[in-house]
Amino acid sequence: MSPARLPRPSLALKITLKIVLMSNSLASTSCYFSVNCWQTNWIPKAVAISSSGNPTVHHHFEKKGPVPVNESEIGELVNVSRLKVDFQKGLDQLKSDYMKHLSLRSASGSIENLQVDFEGETYTLQEIAQIGRKGPQLIVVNLSSFPTVMKDVLKALNDSGMGLNPQQDGTTIFIPVPKVTKEYRESLAKNAKTLFQKFKDHSRDVQNQYIREVKKKEKEVSSDLAHSVQQQIHSMAELYVSEGEKVMIAKQNELLGKD
């Protein structure tokens, strides 16, 4: 057998592979042997022997649990503290977005602190506009002193996840305050999922950024270590995404009035 056709040996994770002999004369014969396999949360289920006598790994995989995270090992290739901070930032932002923008009482208080991106800078809406009310069900945003930011304010309002329907009239934006109906609750719950997906994308971006760092060092360290660290970074991302999903479900239950 040529070892080049088998999985790369690594951290002495032993598995038993079933080899099914595929030659014409031994089609029904089976035998077993143990080999070292690279550490991963996927394991090959079978190896077949072709008619030429060379082993071929079947690409039939059985998923196992997440790879355990060893921060000391990860720290050999990347800054673990910085990695955790970058993941946590996304989770904290998700919680902040839920608190500020997905409230059944989302009124001028939430809108005042809405972040608006304009020409590479970020402002709160109250810094660039006059915000008032015209009755209990209508918020008025006056941009007469800063009309060039109108397009960006409208985008921020529409992307806020608050389920708002802003209407522009010259340099003024009128924002009806939605009544707390079943449909409004469901709309906010849907927006909670949208914000969660944004957080999930952030987590994937962080994961990929640090995996690229590891790949740059692959020639300097063992392939076993590089592969293991990449798998562990992926596991860390999954843990943060799982925590974010719990936050989303709790917020959706709150919005929908579920226990």
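See the structure printed just above.
What comes next concerns the included structure. (Residues numbered from 1 in each chain as written. Predicted model: local features only at pLDDT ≥ 70, side-chain atom pairs only at ≥ 80, totals over all residues. Heavy atoms only, no water.)

### Concerning the overall build of the protein
Heads up, the rule is: Each helix is a run of H or I in the DSSP string that is no shorter than four residues. Each strand is a run of E no shorter than two, and both are numbered from the N terminus. Pairs of residues are marked as contacts when any of their non-hydrogen atoms sit within 4.5 Å. Shrake-Rupley sampling with a 1.4 Å probe provides the accessible areas, and residues are treated as covered by the protein chains on show and by no other component.
Counting its regular elements, the protein contains 7 helices and 12 strands. Of all intrachain contacts in the protein linking residues separated by at least 6 positions in sequence, the fraction that spans at least 24 positions is 63%. Carbon and sulfur atoms form 50% of the exposed surface of the protein, whose accessible area is close to 15100 Å².

### Brief notes about the pairing of strand E9 (residues 130–133)
To keep things clear, this is the line we draw: By the convention used here, strands pair only if DSSP detects at least 2 bridges between them.
In the sheet, E9 pairs with strand E10 (residues 138–142) via 4 bridges, with the strands oriented antiparallel. Bridge pairing in E10 links glutamine 130 to asparagine 142. From the end of E9 to the start of E10, which pair antiparallel, there are 4 residues, and glycine 135 there has a positive phi angle of about 85°.

### A few points about the environment of glycine 135
Selection rule: The buried label goes to any residue with under 20% of its type's maximum accessible area, the exposed label to any with over 50%, and the partly exposed label to all in between, with areas taken from a 1.4 Å probe on protein chains only.
Mapped onto the fold, glycine 135 is located in the loop between E9 and E10. Under the relative-accessibility criterion, glycine 135 is labelled partly exposed at 39%.

### Quick word on the pattern of salt bridges
Quick reminder of the rule: Any carboxyl oxygen of Asp or Glu that lies within 4 Å of a side-chain nitrogen of Lys or Arg is treated as forming a salt bridge with it.
Evaluation of the coordinates by the stated rule reveals 5 salt bridges. Between lysine 155 and aspartate 159 there is a salt bridge, with the nearest N and O atoms lying 2.8 Å from each other. Classification of lysine 155 as exposed rests on a relative accessible area of 52%. Assessed through its relative accessible area of 47%, aspartate 159 is described here as partly exposed. Across the salt bridge formed by arginine 204 and glutamate 238, the nearest N and O atoms sit 2.8 Å from each other. Of this pair, arginine 204 sits in helix H6 (residues 182–216) while glutamate 238 is found in helix H7 (residues 223–256), placing the two residues 34 residues apart along the sequence. Classification of glutamate 238 as partly exposed rests on a relative accessible area of 30%.

### A few points about the packing of helix H2 (residues 80–101) against H7
The following threshold applies: All axes here are fitted lines through C-alpha atoms, helices being fitted over the stretch that makes contact, and every angle between N-to-C directions spans 0 to 180 degrees. What sets the label is the angle itself: under 35 degrees gives roughly parallel, over 145 gives roughly antiparallel, 65 to 115 gives roughly perpendicular, and the rest give oblique. Think of it as three bins: nonpolar holds Ala, Val, Leu, Ile, Met, Phe, Trp, Tyr, Cys and Pro, charged holds Asp, Glu, Lys and Arg, and polar takes everything else, Gly as well.
Interaxial distance between H2 and H7 falls to 11 Å at its minimum, and their mutual angle equals 10°. In terms of their interaxial angle, H2 and H7 are classed as roughly parallel. Contacts from Leu83, Lys84, Phe87, Gln88, Leu91, Leu94, Lys95 and Tyr98 of H2 reach H7 at Ile233, Met236, Ala237, Tyr240, Glu243, Gly244, Val247, Met248 and Lys251. Looking at the contact of H2 with H7 residue by residue, the classes come out as 11 nonpolar, 2 polar and 4 charged.

### Description of the nonpolar core
The tendency in soluble globular proteins is for nonpolar side chains to be buried side by side. What counts is decided by this rule: Here, nonpolar core means buried Ala, Val, Leu, Ile, Met, Phe, Trp, Tyr and Cys residues that are tied together by side-chain atoms lying within 4.5 Å of each other.
If you look at the biggest cluster of nonpolar residues, it comprises 31 residues, and the most contacted ones within it are Ile74, Leu83, Tyr98 and Ile233. Counting residues per element, the ones that place at least two in this core are H2, H6 and H7. With 11 residues, H7 is the largest single contributor of residues to this core. If we skip the residues at most four places from it in the chain, isoleucine 74 touches Val69, Val80, Leu83, Val229, Gln232, Ile233 and Met236.

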